[in-house]
Amino acid sequence: VGSLRALGLFFWTPFRGRALRPVYYGPVARAGGMNHFLLPDGANANDPTSARYGINAMELLINELLKLNVQRRRIQAKIFGAGHVLKIRESLDGVPQRNIDFIRRFLDTERIPIVTEDLGGYRSRRVLFSAQSGVAYMRYLDGAYAARTADEELAYLEKMRARKLDGDATLF
Amino acid sequence: MTVDDTASMRQMISFTLNSVGHKVVEACDGKEALKIAQEKKFDLVIADINMPNMDGITLVKSLRDLPDFKLIPILMLTTESQTAKRQEGKSAGATGWIVKPFNPEQLIAIVKKVLG
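Residues numbered from 1 in each chain as written. Chains lettered and ligands numbered in written order. Predicted model: local features only at pLDDT ≥ 70, side-chain atom pairs only at ≥ 80, totals over all residues. Heavy atoms only, no water.

Novice: Tell me what's going on with the overall build of chain B, and back it up with residues and numbers.
Specialist: For chain B, the helix and strand inventory stands at 5 helices and 5 strands. For chain B, the α and β elements follow one another from N to C terminus as β-α-β-α-β-α-β-α-β-α. In summary, chain B has a C-alpha radius of gyration of 13 Å against a globular reference of 13 Å for 116 residues, a match within 12%. Its C-alpha atoms give chain B principal-axis dimensions of about 35 × 30 × 30 Å. When each of the 116 residues of chain B is scored for burial, the buried share is 58%. Taken as two groups, the 15 positive and 14 negative side-chain charges of chain B have centres that lie 5 Å from each other. (Helix = DSSP H or I, 4+ residues; strand = E, 2+ residues; numbered from the N terminus. Rg over C-alpha atoms; globule rule 2.2 N^0.38 Å. Buried < 20%, exposed > 50% of the residue type's maximum accessible area, 1.4 Å probe, protein only. Lys, Arg positive; Asp, Glu negative; His and termini not counted. Charge placed at Lys NZ, Arg CZ, Asp CG, Glu CD.)

Novice: Before we move on, could you go through the sheet that holds strand β2 (residues 26-27) of chain B and cite the residues and values that matter?
Specialist: Sheet strands pair by backbone hydrogen bonding; their relative direction is either parallel or antiparallel. Ordered by their spatial adjacency, 6 strands build an open sheet running β8(A)-β5(B)-β4(B)-β3(B)-β1(B)-β2(B), and the pairing between neighbours is mixed. Every other strand in the sheet has two partners, leaving β8 (169-171) of chain A together with β2 of chain B as the edge strands with one partner each. Relative to strand β4 (residues 74-78) of chain B, strand β3 (residues 45-47) of chain B runs parallel, the two sharing 3 bridges. Across the sheet, Val45 of chain B pairs through a bridge with Ile74 of chain B, a residue of β4 of chain B. Packed on one face of the sheet, helix α3 (residues 56-64) of chain B meets β1 (2-3), β3 and β4 of chain B and runs near 175 degrees to β4 of chain B. (Pairing = 2+ DSSP bridges. Contact = heavy atoms within 4.5 Å. Axes fitted to C-alpha atoms, helices over the stretch in contact; angles between N-to-C directions.)

Novice: Can you break down the nonpolar core residue by residue, with the values?
Specialist: Within soluble globular proteins, side chains that are nonpolar generally end up buried alongside one another. Ranked by size, the top nonpolar core spans 34 residues in total, and within it Phe102 of chain A together with Ile13, Ile46, Leu75, Phe102 and Leu107 of chain B carry the most contacts. Sorting the residues of this core by element identifies β3 (31-37), α1 (52-67), β4 (76-81) and α2 (95-109) of chain A together with α1 (7-18), β4 and α5 (104-114) of chain B as the ones contributing at least two each. The residues contacting Leu75 of chain B, other than those within four sequence positions of it, are Leu171 of chain A together with Leu44, Val45, Ile46, Ala47, Thr95, Gly96, Ile98, Ile110, Val111 and Val114 of chain B. (Core = buried A, V, L, I, M, F, W, Y, C linked by side-chain atoms within 4.5 Å.)

Novice: So, the interface of chain A and chain B: which residues are in play, and what are the values?
Specialist: Reports of interface size often rely on the accessible area that becomes lost once the parts have come together. At the interface, 25 residues of chain A touch 34 residues of chain B. Of the roughly 2,600 Å² buried where chain A meets chain B, counting both sides, 60% is carbon and sulfur surface. The interface formed by chain A and chain B contains 4 salt bridges. Asp168 of chain A is the salt-bridge partner of Arg86 of chain B, the closest N and O atoms lying 3.3 Å from each other. At the surface where chain A touches chain B, the tally comes to 14 residue pairs in polar contact (both at pLDDT 80 or more). (Buried area = accessible area lost by both parts, 1.4 Å probe. Salt bridge = Lys/Arg side-chain N within 4 Å of Asp/Glu carboxyl O. Polar contact = N/O pair within 3.5 Å; in protein donor to acceptor, adjacent residues only side chain to side chain.)

Novice: Could you give me a rundown of the pairing of β4 of chain B, with the residues and numbers involved?
Specialist: Residues and elements named next belong to chain B. Counting buried positions along β4 gives 5 out of 5 residues, so the element sits mostly inside the fold. Residues of β4 alternate between two faces, with Ile74, Met76 and Thr78 on one and Leu75 and Leu77 on the opposite face, all of them buried. The parallel pair β3 and β4, bridged by α3, forms a crossover whose chirality is right-handed. In this fold, the crossover linking β4 to strand β5 (residues 96-99) by way of helix α4 (residues 83-92) has right-handed handedness. (Right-handed = clockwise from strand over helix to strand, strands pointing away.)

Novice: Pulling in residues and values, what's your account of the confidence of the model for chain B?
Specialist: Scored by pLDDT, chain B comes out at a mean of 96, with 100% of its residues at no less than 70. Our summary of model confidence lists the complex with pTM equal to 0.82 and ipTM equal to 0.85. (pLDDT = per-residue confidence, 0-100.)

Novice: Go over the pattern of salt bridges with me, naming the residues and quoting the values.
Specialist: On inspection of all chains with the given rule, the structure shows 13 salt bridges over all chains. Residue Glu117 of chain A is joined to Arg104 of chain A by a salt bridge in which the shortest nitrogen-to-oxygen separation is 2.9 Å. Note that Glu117 of chain A is positioned in strand β5 (residues 114-119) and Arg104 of chain A in helix α2, a separation of 13 residues in sequence. Across the pair Asp4 of chain B and Lys100 of chain B runs a salt bridge, and its minimum N-O distance is 2.8 Å. Of this pair, Asp4 of chain B sits in the loop between β1 and α1 while Lys100 of chain B sits in the loop between β5 and α5; the two residues are 96 residues apart in sequence, bridging distant segments of the chain. Assessed through its relative accessible area of 4%, Lys100 of chain B is described here as buried. Among the charged side chains, a network of salt bridges with common partners joins Glu59 of chain A together with Asp4, Asp48 and Lys100 of chain B.

See below:
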């Protein structure tokens, strides 16, 4: 469940809100992409298929980087987000924590090093990423803007829960 | 055998097929899969398309040249959904095309079907 951006040259993408934003950057090919995803029901460590939408979103981004001649072993990640900013009940295994657990497990499994991270907490974040330099800029959002962002994210989360996202299958 | 450069994807496929009693061998790209295929026989191959070293289309073509892989089902499991790509897979010798993200029950049903 995520949006996908992968470009070869200079690129800025502003994103707001709460979900995790892993930013990939290949330091030699100088290509990068940003992925903004949210797993509304998190992922269960005992059933890897429960994280399939998150894995799929990450694979789409990695594939675009490979097409830009990025070597897989050179990919690095910067991850931001998963703050508890929605007006939903907080719990130790809540949505933000499950998203954090998912991305850590995914990057560890794929042997993609995390070079920068800023996760959790209670504030919304805005992230800008330059795909050319690999530099990510992050700042916290407060006040009315953060509240509006939280409302938008909650609506998005409910919409995503209702959607069926699995691909189709054909036998030749 | 499942072939995918994303380790998390291989884990999901193995987990899904193990749950119904299949044994799964994993390969991280077409090149490794082809090497394993020289030494082992399989009832089914599930392969990704976009992979480093050797992509899925090249893998299918190469596998179809091996006597033990001429007739077995080979399913492509990929993020690619365009008709042109599917056609390319079909001409290469693939048995079927599944678009990611895959639904575990659906994968089990297709595997059951192609294994007869």
